[in-house]
Amino acid sequence: APAASHRAAVARAGEPMMSIGDKNPAKTLEMLQLNDELNTVVKSDSMCSRRHAMARAAGLAAGLTMAQVNKPGFAAATKMVKLGADNGQLVFVPDEIEICKGDSVTWTNNKAGPHNVVFDEEAIPEGVTQESISMDGLLNDEGATFTKKFDVAGSYAYYCEPHRGAGMNGALTVA
């Protein structure tokens, strides 16, 4: 009867509800979670909440278990940033990006290297150290990469040390 009482509570709240007729308690819980995830996708104002809910819902619909879809990083993504524009301009492409907590950014040496990624110690969230997120050394070869995962929400400013004077600056927002 717990599933029936949950179904009744959801129906009373005016929420859309998927039909749950399975007698398997684990499957019933997964379907209830799938329903909750789909409601989050529809109602949330947060891009990160919607993306995570959509990934979990897709995983459950594909037959994954709740334990699998609730693992940290299940919905994590990686954004790509070029170091140097295709035309050789000394810029990050894109120079502003937004990610969710737990996502990563991969910077790829594209043109006009060498490049690196150094975070401005005056423009990172409290509790984050510049050394823990900045590159050691340089990316000398085209196609060389540097990847970093971000777990602290906030605004981050970064630059390419050899080309900072030319205006090679970037901004990252972690939501």
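Residues numbered from 1 in each chain as written. Predicted model: local features only at pLDDT ≥ 70, side-chain atom pairs only at ≥ 80, totals over all residues. Heavy atoms only, no water.

### With respect to the sheet that holds strand 5 (residues 118-119)
Basically, it comes down to this: Two strands pair under a simple rule: DSSP has to find at least two bridges between them. Labels follow the DSSP assignment, with helices taken as runs of H or I lasting at least four residues and strands as runs of E lasting at least two, numbered in each case from the N terminus.
Here 4 strands make up an open sheet; going across it, the order is 3-8-7-5 and the pairing mixed. One side of each edge strand has no neighbouring strand; the edge strands of this open sheet are strand 3 (96-99) and strand 5. The sheet contact formed by strand 7 (residues 154-159) and strand 8 (residues 169-174) spans 6 bridges and is antiparallel. Looking at strand 8, one finds that Ser 155 is bridged to Thr 173.

### What about the pattern of salt bridges?
For the record, the criterion: Any carboxyl oxygen of Asp or Glu within 4 Å of a side-chain nitrogen of Lys or Arg constitutes a salt bridge here. Residue exposure (1.4 Å probe, protein chains only): buried if accessible area is under 20% of the type maximum, exposed if over 50%, otherwise partly exposed.
By the definition in use, this model includes 4 salt bridges. We note a salt bridge from Arg 164 to Asp 120, for which the minimum N-O separation is 3.7 Å. Of this pair, Arg 164 sits in the loop between strand 7 and strand 8 while Asp 120 sits in the loop between strand 5 and helix 5 (130-133), placing them 44 residues apart in sequence. We classify Arg 164 as partly exposed; its relative accessible area is 39%. Under the relative-accessibility criterion, Asp 120 is labelled partly exposed at 22%. Between Lys 149 and Asp 151 there is a salt bridge, with its nearest N and O atoms 4.0 Å apart. Residue Lys 149 is classed as partly exposed on the basis of its relative accessible area of 48%. What makes Asp 151 partly exposed here is its relative accessible area of 48%.

### Let's talk about the packing of aromatic side chains
Note the following rule: Note on aromatic contacts: the rings of Phe and Tyr and the six-membered ring of Trp form a pair at centre separations within 6.5 Å, being stacked when their planes are under 30 degrees apart, edge-to-face when over 60 apart, and tilted otherwise. Whether a charge sits over a ring depends on NZ of Lys or CZ of Arg being within 6 Å of the ring centre and within 35 degrees of the ring normal.
For the structure shown, the criterion picks out 9 aromatic pairs. Ring plane angle 80° and centroid distance 6.1 Å describe the contact between Trp 107 and Phe 119, whose orientation is recorded as edge-to-face. Within this pair, whereas Trp 107 is found in strand 4 (residues 104-109), its partner Phe 119 is found in strand 5, the two being separated by 12 residues in sequence. A relative accessible area of 0% means that Phe 119 is categorised as buried. Measuring from ring centre to ring centre gives 5.4 Å for Trp 107 and Tyr 158, while their planes differ by 80°; the resulting arrangement is edge-to-face. Of this pair, Trp 107 sits in strand 4 while Tyr 158 is found in strand 7, placing the two residues 51 residues apart along the sequence. By relative accessible area, Trp 107 is classed as buried at 0%. Residue classification places Tyr 158 among the buried positions, given a relative accessible area of 1%. Arg 164 extends its terminal NZ or CZ atom over the ring of Tyr 159, reaching a point 3.7 Å from the ring centre.

### What to know about the confidence of the model for the protein chain
The predicted structure's coordinates, where accompanied by low pLDDT, should not be read in detail. Stated precisely, the cut-off is as follows: Confidence of the predictor in every single residue is expressed as pLDDT, which spans 0 to 100. It only takes one pair of heavy atoms within 4.5 Å for two residues to be counted as in contact.
Here the protein chain averages 84 in pLDDT, while 80% of its residues score no lower than 70. For the stretch residues 1-12, pLDDT sits under 50, and the model shows 10 contacts to residues farther than four places along the chain or on other chains.

### A closer look at the environment of Val 42
By secondary structure assignment, the location of Val 42 is in helix 2 (residues 25-43). In sequence terms Val 42 and Ala 53 are 11 residues apart; their C-alpha atoms lie 9.6 Å from each other.

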